[in-house]
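Geometric and topological summary
As a plain string of letters, each chain reads:
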Amino acid sequence: MATVTKIIKKQPQFVKRVYYTIVPFRYRYGREFRITYNFLKKTSDWPLEQLLEYQNIQLKHLIHICYHTVPYYRKMFESLKLFPNDINNVDDLKLLPILTKDDINSCPDDFISFLSHKSKLCKFKTSGSTGKKLIFYGSDDVYKREAAFVLRAFHAHGAQMYSRPSIWLRRYVPPDNGKTLWNYDYELKRLYMSAYHINANTAINYFAKINDTGYKTLVGYPSSIFILACFAEDLNLIKINLIF
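Scope of this entry: the structure provided in the associated data block. (Residues numbered from 1 in each chain as written. Predicted model: local features only at pLDDT ≥ 70, side-chain atom pairs only at ≥ 80, totals over all residues. Heavy atoms only, no water.)

Moving on to the packing of aromatic side chains. Here the structure, examined in full by the defined rule, presents 18 aromatic pairs. Residues F25 and Y162 carry aromatic rings whose centres are separated by 3.9 Å and whose planes lie at 5° to one another, so their mutual orientation is stacked. Here F25 is found in helix α3 (residues 25-28), whereas its partner Y162 is found in the loop between α8 (141-156) and β3 (166-169), with 137 residues between them in sequence. In this structure, F25 and Y162 share a single accessibility class: buried. Taking the centre distance of 6.1 Å and the plane angle of 85° together, the rings of Y29 and F33 count as edge-to-face. Taken as a pair, Y29 and F33 share a single burial class, namely buried. Through successive ring pairs, a cluster of aromatic residues spans F25, Y29, F33, Y37 and Y162. One residue, K144, lies across the ring of Y29, its end atom 5.3 Å from the ring centre. A cation over a ring is seen here: R190 above W168, with NZ or CZ 3.7 Å from the ring centre. (Phe/Tyr/Trp six-rings, centres within 6.5 Å; stacked < 30°, edge-to-face > 60°. Helix = DSSP H or I, 4+ residues; strand = E, 2+ residues; numbered from the N terminus. Buried < 20%, exposed > 50% of the residue type's maximum accessible area, 1.4 Å probe, protein only. Lys NZ or Arg CZ within 6 Å of the ring centre and 35° of its normal.)

Below you can see the structure in the form of structure tokens.
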């Protein structure tokens, strides 16, 4: 399915719209997404003790992989005179130094496992909104697993995602200095709205668009949502029905 997705992304806009409309998200994101999501649903009923036990088992497994296959962590453990068996639970992580952006940016290849081939990995990049961008590598499955975790969190709070359209007050900067305040992503069924252009002059346009769509889920930075809510109160708008 990953190959199909890459092919679709290169197609004309109308082909993408048809594909994203006909093929459900759970099939487009494939087996890894479905396995992860089904597992998360099952574990939602686990008692705390079972969750902690599973967490520690996975942590120890991860530590062993890092020590034996990732250059950065092998060097780090040796410099601290530590071994994988010294890390048995979350509390033991205090024995390790905090990983910083500078650590990763200074030697990104040292964080790639010997079991991986860089040419087959995806490059992940942050926006640099905190001052520094971060670039790191991971498999395509990272996207699938993240989507499963996000969807589980949304469902746990009564919100829908992927299968129904939602509004995102983030991740969108208008290419024309605010003339286009929003843009619809057909792949993820998201109406992206600029968080940088909410003001007394544009607020009524935002609310008109939100009410016009009828979407029930709003995702955004807390500060942006607060500003939007303040304008809703100032304008005495009470008919907005959203899950934040």
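A cluster of nonpolar side chains, namely L48, L51 and L52, defines an oily patch on the protein surface of about 260 Å² accessible area. Within the secondary structure, L51 is located in helix α5 (residues 48-69). (Patch = residues over 30% accessible without salt bridge, like charges linked within 9 Å, V, L, I, M, F, W, Y side chains within 5 Å. Areas by Shrake-Rupley, 256 points an atom, 1.4 Å probe, with all protein chains shown as cover. Salt bridge = Lys/Arg side-chain N within 4 Å of Asp/Glu carboxyl O.)

Attention now goes to helix α10 (residues 222-234). Here α10 is 13 residues long and its end C-alpha atoms lie 18 Å apart, about the 18 Å a rise of 1.5 Å per residue gives. Looking at the buried side of α10, the elements it contacts are β3, α9 (203-213) and β6 (218-220). Following α10 by one or two positions, N236 has its phi on the positive side, about 60°. (Expected span 1.5 Å × (residues − 1). Contact = heavy atoms within 4.5 Å.)

Moving on, we come to the pairing of strand β4 (residues 182-185). Bridge count for β4 against strand β5 (residues 190-193) is four bridges, and the pairing is antiparallel. In the sheet register, D185 faces β5, and the bridge partner there is R190. If you look at the hairpin formed by β4 and β5, you'll find four residues sitting between the two strands, and K189 has a positive phi there, around 55°. (Pairing = 2+ DSSP bridges.)

To continue, consider empty space enclosed by the protein. For the structure on display, the rule yields one cavity of 30 Å³ or more. What the largest cavity holds in volume is close to 30 Å³. Lining the largest cavity, in full, are T5, Y19, Y20, R28, Y29 and E187. Within the lining of the largest cavity, the residues separate by chemical class into three nonpolar, one polar and two charged. (1 Å grid on protein atoms, 1.4 Å probe; cavity = no way out; pocket = protein on both sides within 12 Å on 5 of 7 lines; lining within 4 Å. Points joined across faces, edges and corners; volume = space filled by probe spheres on them. Nonpolar A, V, L, I, M, F, W, Y, C, P; charged D, E, K, R; others polar.)

The quantities given are spatial measurements derived from coordinates; they are silent on function.
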